[in-house]
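The primary structure of each chain is shown beneath.
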Amino acid sequence: AHASEIEMIKVDVDKLMAKIDELSQQDPAAKMYAKAHSLVASGATIDEIMDACDLPQAEVEVLIGFQKKARK
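Everything in this summary refers to the structure shown in the same document. (Residues numbered from 1 in each chain as written. Predicted model: local features only at pLDDT ≥ 70, side-chain atom pairs only at ≥ 80, totals over all residues. Heavy atoms only, no water.)

A look at the layout of surface pockets
Counted as a void, the largest pocket has a volume near 230 Å³. Surrounding the largest pocket, Ile-9, Val-13, Leu-16, Met-17, Ile-20, Tyr-33, His-37, Leu-63, Phe-66, Gln-67, Lys-69 and Ala-70 form its lining. Of all elements in the fold, only helix 1 (3–24), helix 2 (28–41) and helix 4 (57–71) reach the threshold of two or more residues within the lining of the largest pocket. Taken together, the residues of the lining of the largest pocket sort by class into nine nonpolar, two polar and one charged. (1 Å grid on protein atoms, 1.4 Å probe; cavity = no way out; pocket = protein on both sides within 12 Å on 5 of 7 lines; lining within 4 Å. Points joined across faces, edges and corners; volume = space filled by probe spheres on them. Helix = DSSP H or I, 4+ residues; strand = E, 2+ residues; numbered from the N terminus. Nonpolar A, V, L, I, M, F, W, Y, C, P; charged D, E, K, R; others polar.)

Brief notes about helix 4
Spanning 15 residues, helix 4 covers 21 Å between terminal C-alpha atoms, matching the ideal 21 Å at 1.5 Å per step. Turning to helix 4, its buried residues are Val-60, Leu-63, Ile-64, Gln-67 and Ala-70. Down the axis of helix 4, the buried set is contained in an arc of 125 degrees. They therefore lie on one face. Exposed and facing more than 90 degrees away from the buried side of helix 4 are Ala-58, Phe-66, Lys-68 and Lys-69. (Expected span 1.5 Å × (residues − 1). Buried < 20%, exposed > 50% of the residue type's maximum accessible area, 1.4 Å probe, protein only. Arc of directions from axis to C-beta.)

Here's the deal with unusual backbone geometry
What is expected of a backbone is that most residues other than glycine have negative phi and most peptide bonds are trans. The phi dihedral of Asp-54 falls on the positive side, at around 55 degrees, and the residue is not glycine. Along the polypeptide, Asp-54 turns up in the loop between helix 3 (46–53) and helix 4. Residue Asp-54 is classed as exposed on the basis of its relative accessible area, which comes to 66%.

Some details on the packing of helix 2 against helix 3
Contact pair helix 2 / helix 3: the axes reach a minimum separation of 10 Å and the direction vectors enclose 155 degrees. For the element pair helix 2 / helix 3, the angle class is roughly antiparallel. In this structure, helix 2 meets helix 3 at a crossing whose hand is right-handed. For the pair formed by helix 2 and helix 3, the contact residues are Met-32, Lys-35, Ala-36, Leu-39 and Val-40 on the first element and Ile-49, Ala-52 and Cys-53 on the second. Taken together, the residues of the contact of helix 2 with helix 3 sort by class into seven nonpolar, no polar and one charged. (Axes fitted to C-alpha atoms, helices over the stretch in contact; angles between N-to-C directions. Parallel < 35°, antiparallel > 145°, perpendicular 65-115°, else oblique. Left-handed = near helix turned anticlockwise from the far one by under 90°. Contact = heavy atoms within 4.5 Å.)

Here it is, written out as structure tokens:
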């Protein structure tokens, strides 16, 4: 991918995270995803995130995949 495409993806991810933060003020499920996102960002394992957020492994793997794409 070109650098400009990566920058656009990073902007999109930032916008999504801002939206999740906003929604988490109102929605307990969104709060869980915001927590999961911050655990992913801190390098927690899949098992740690599943335990802390009560999310299925597939959802945790998707969150980790998004973060890895955003970091490239």
